[in-house]
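# Architecture at a glance
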Amino acid sequence: MKNAGENPVEHTFDKGYWERHWEELREAGQEATGAGPGNPYIARETAELPPGTALDAGCGEGVEAEWLAAQGWDVVGADISAAALSEASARTAARPLRGSVRWVEADLTSWEPEQQFDLVMTSYAHPAMPHLEFYRRLSAWVAPGGTLLIVGHLHGGSPASEQDGAHDQHAEHHRSAPHADQQHSEHPPVEATVDLASIVAGFDSPEWTILTAEEQTRTFEAPGGGHGKVLHDVIVKAVRR
């Protein structure tokens, strides 16, 4: 935590930031395992969707993208970090998948895909741009009838009914990853948090039908035991008409 009078840490979330982040996790032996969907909302919110084309925007080491491909989806996993994608590619190369996964190194604040997708999802992504603007960019890549799925860190640190003040926006910021549960902090930097009402308002239009809009608190138990982290999440799923 910052002492009084110190300048707050700034999080730019540019390419250099993410390359350092993933290299540090690799050196610490904290690579993703790909053993599950990464967070419980991916499996729940895609359960009734027929496999098709999908984009995992800000995929990190590709846990969610790999899980979708195992269910039969043809997935593009896009991320700004070459280090993260190298780990994702090495892990999935040896695993048989019902669908397919292709890894793309891309700055999602400027990159444009060559197609639209049946599913566009982003899980705890920390873009180098305002989140609502980022989500609007992603929404343009959803095909008509397709689904946009957003999972993010809740601004304020707990669901609205439980909020009692601002959380420590700087603690353990280096462990706040965009996808893998074992790497999330209880206190992500404020730049990496989102507000449910603002996201919903951004998709309150005739073009979209919002199917899920909720705040959730859950405890993630680290592999091998240890301190369980309390995660405060925002989940929004919308279908493009």
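In this text, all values refer to a predicted model and were calculated from it rather than measured experimentally.

What the rule picks out here adds up to 3 aromatic pairs. Residues Phe134 and Tyr135 carry aromatic rings whose centres are separated by 6.0 Å and whose planes lie at 50° to one another, so their mutual orientation is tilted. Both rings, one in Phe203 and one in Trp208, keep their centres 5.3 Å apart while their planes meet at 85°; by these two values the pair is edge-to-face. Take Phe203 and Trp208: they sit in the same class, and that class is buried.

What follows is about the nonpolar core. Of all hydrophobic cores here, the largest spans 27 residues; its most connected members are Leu55, Val120, Tyr135, Leu138, Leu148 and Ile199. Elements represented by at least two residues in this core include exactly β1 (53–57), β2 (74–79), β4 (117–123), α5 (131–139), β5 (142–154), α6 (196–202) and β8 (229–240). Take this core: its biggest share by element is 4 residues, from β5. Of all hydrophobic cores here, the second largest spans 20 residues; its members include Tyr41, Trp73, Leu85 and Ile235.

A few words on the environment of Arg95. Within the secondary structure layout, Arg95 lies in the loop between α4 (82–93) and β3 (100–105). Considering only alpha carbons, one finds Arg95 and Glu66, 29 residues apart in sequence, at a separation of 9.3 Å.

Even without a glycine there, the phi angle at Tyr124 is positive, about 60°. Tracing the sequence through the fold places Tyr124 in the loop between β4 and α5.

Moving on to the confidence of the model for the protein chain. Considering every residue of the protein chain, the mean pLDDT works out to 80; 71% of them sit at 70 or more. At the low end of the mean pLDDT range in the protein chain sits helix α1 (residues 15–27), at 67; at the high end sits β1, at 98. Confidence drops under a pLDDT of 50 for residues 1–9, and excluding neighbours within four residues, the segment shows 8 contacts in the predicted structure. Counting interchain partners and residues more than four positions distant, the pLDDT-below-50 stretch residues 160–186 has 102 contacts.

Tracing the sequence through the fold places Thr53 in strand β1. When its relative accessible area of 23% is taken as the criterion, Thr53 is described as partly exposed. Apart from the residues within four sequence positions on either side, Thr53 is in contact with Trp73, Asp74, Gln115, Gln116, Phe117, Asp118 and Leu119.

Under the counting rule described, the total for this entry stands at 8 salt bridges. With a closest N to O distance of 3.1 Å, Lys237 and Glu45 form a salt bridge. With a gap of 192 residues between them, Lys237 in strand β8 and Glu45 in helix α2 (residues 40–46) connect regions that are remote in the sequence. The same class applies to Lys237 as to Glu45, namely buried. Linking Glu66 and Arg95 is a salt bridge whose minimum nitrogen-to-oxygen distance equals 2.8 Å. One end of the pair, Glu66, is in helix α3 (residues 63–70); the other, Arg95, is in the loop between α4 and β3, with 29 residues separating them in the sequence.

Our next topic: the pairing of β2. Extensive coverage of β2 is indicated by the burial of 5 of its 6 residues. In the sheet, β1 pairs with β2 via 5 bridges, with the strands oriented parallel. Within β2, the position partnered with Ala54 by the bridge is Val75. A crossover connection joins β1 to the parallel β2 through α3; in handedness this β-α-β unit is right-handed. Of the pairings in the sheet, the one linking β2 to β3 comprises 6 bridges and is parallel in character. Residue pairing for β3: Ala78 is matched across the bridge by Val104.

Conventions adopted
- Residues numbered from 1 in each chain as written.
- Predicted model: local features only at pLDDT ≥ 70, side-chain atom pairs only at ≥ 80, totals over all residues.
- Heavy atoms only, no water.
- Phe/Tyr/Trp six-rings, centres within 6.5 Å; stacked < 30°, edge-to-face > 60°.
- Buried < 20%, exposed > 50% of the residue type's maximum accessible area, 1.4 Å probe, protein only.
- Core = buried A, V, L, I, M, F, W, Y, C linked by side-chain atoms within 4.5 Å.
- Helix = DSSP H or I, 4+ residues; strand = E, 2+ residues; numbered from the N terminus.
- pLDDT = per-residue confidence, 0-100.
- Contact = heavy atoms within 4.5 Å.
- Salt bridge = Lys/Arg side-chain N within 4 Å of Asp/Glu carboxyl O.
- Pairing = 2+ DSSP bridges.
- Right-handed = clockwise from strand over helix to strand, strands pointing away.

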